[in-house]
Amino acid sequence: MGEVSREFSGEARIGRAMKEFMSFTLKPEDFSSPVALQMALSRIYEGILKMMQEGGPKPTYIAEVRFKDDLGNNVVIAVDLGREVPPFSSERVKARIRVELYEEEEG
């Protein structure tokens, strides 16, 4: 069975975020007209009201990890670090990203 792994180096920025807010997104088409923007804002407003009814936002620590892939493309991923303060002295740290490609055994 084959397996290939690759390691990348990058940087991460650590900060606090409200995980529930991550689901509120604006897309380019939301800015295509005043009506489209109004609909997008209404969608976000309804989401915020629902979140508040469910007990409000809960803060968590997130690492925004940035690195370049083998083709030179910028890649950004988020890593949820949990509710506790991460054990780092700085909000900017180094990141090591490991990608493993493998086949699962069938059956």
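Rules of the game
Each chain has its residues counted from 1, following the order in which its sequence is written. In view of the model being predicted, local features appear only for residues whose pLDDT reaches at least 70, and side-chain atom pairs are presented and counted only at 80 or more, with totals across whole chains, interfaces and linings using the full set of residues. Only hydrogens and water are set aside; all other atoms, that is, all heavy atoms of the structure, feed into the side-chain values. Helix and strand labels come from DSSP, where a helix needs a run of H or I of at least four residues and a strand needs a run of E of at least two; each type is numbered from the N terminus. As defined in this context, the radius of gyration uses C-alpha atoms, and a globule is described by 2.2 Å times the residue total to the power 0.38. Residues count as neighbours in contact if any of their non-hydrogen atoms are within 4.5 Å of one another. Positive residues here are Lys and Arg, negative ones are Asp and Glu, while His and the chain termini are left out of the count. Just so you know, the charge point we use is NZ for Lys, CZ for Arg, CG for Asp and CD for Glu. pLDDT: the predictor's confidence for each residue, scored from 0 to 100. Following DSSP output, two strands are said to pair if at least two bridges run between them. Candidate patch residues must exceed 30% relative accessible area and have no salt bridge, after which like charges are joined if within 9 Å and Val, Leu, Ile, Met, Phe, Trp or Tyr side chains if within 5 Å. Per-residue accessibility takes into account occlusion by the displayed protein chains alone, with areas from the Shrake-Rupley method and a 1.4 Å probe. Whenever a carboxyl oxygen of Asp or Glu lies within 4 Å of a side-chain nitrogen of Lys or Arg, that contact is scored as a salt bridge.

S.K.: Explain the overall build of the protein to me, and be specific about the residues and the numbers.
M.R.: Helix and strand counts for the protein come out as 1 helix and 4 strands. Beginning at the N terminus, the succession of helices and strands in the protein can be written as β-α-β-β-β. A globule of 107 residues ought to have a C-alpha radius of gyration of about 13 Å, yet the protein, at 19 Å, is considerably larger. Each principal axis of the C-alpha atoms in the protein carries an extent, and together these give about 50 × 35 × 35 Å. Within the protein, counting contacts between residues at least 6 apart in sequence, those at least 24 apart form 69% of the total. Within the protein, one finds 15 positive and 19 negative side-chain charges whose respective centroids are separated by 9 Å.

S.K.: I'd like a description of the environment of Leu101, backed by residues and values.
M.R.: Here Leu101 is to be found in strand β4 (residues 92–102). Each C-alpha atom, one on Leu101 and one on Leu26, is 33 Å from the other, the two residues being 75 residues apart in sequence. Excluding its chain neighbours within four sequence positions, the residues that come into contact with Leu101 are Gly2, Glu3 and Val4.

S.K.: Quick one: what's the story with the confidence of the model for the protein, residue by residue and with numbers?
M.R.: When the pLDDT values of the protein are averaged, the result is 90; 95% of them are 70 or greater. Ranking the helices and strands of the protein by mean pLDDT puts β4 first, with 96, and helix α1 (residues 34–53) last, with 89.

S.K.: Quick one: what's the story with the pairing of strand β2 (residues 59–68), residue by residue and with numbers?
M.R.: Relative to β2, strand β1 (residues 3–18) runs antiparallel, the two being bridged by 9 bridges. Across the sheet, Gly10 pairs through a bridge with Phe67, a residue of β2. Relative to strand β3 (residues 74–82), β2 runs antiparallel, the two sharing 8 bridges. When the bridges of β3 are listed, Phe67 appears paired with Val75. Between the end of β2 and the start of β3, which pair antiparallel, lie 5 residues, with Gly72 showing a positive phi angle near 85 degrees.

S.K.: Which residues make up a nonpolar patch on the surface, and what values do they have?
M.R.: On the surface, Val4, Val99 and Leu101 cluster together into a nonpolar patch covering about 250 Å² of accessible area. Tracing the chain through its elements places Val4 in strand β1.

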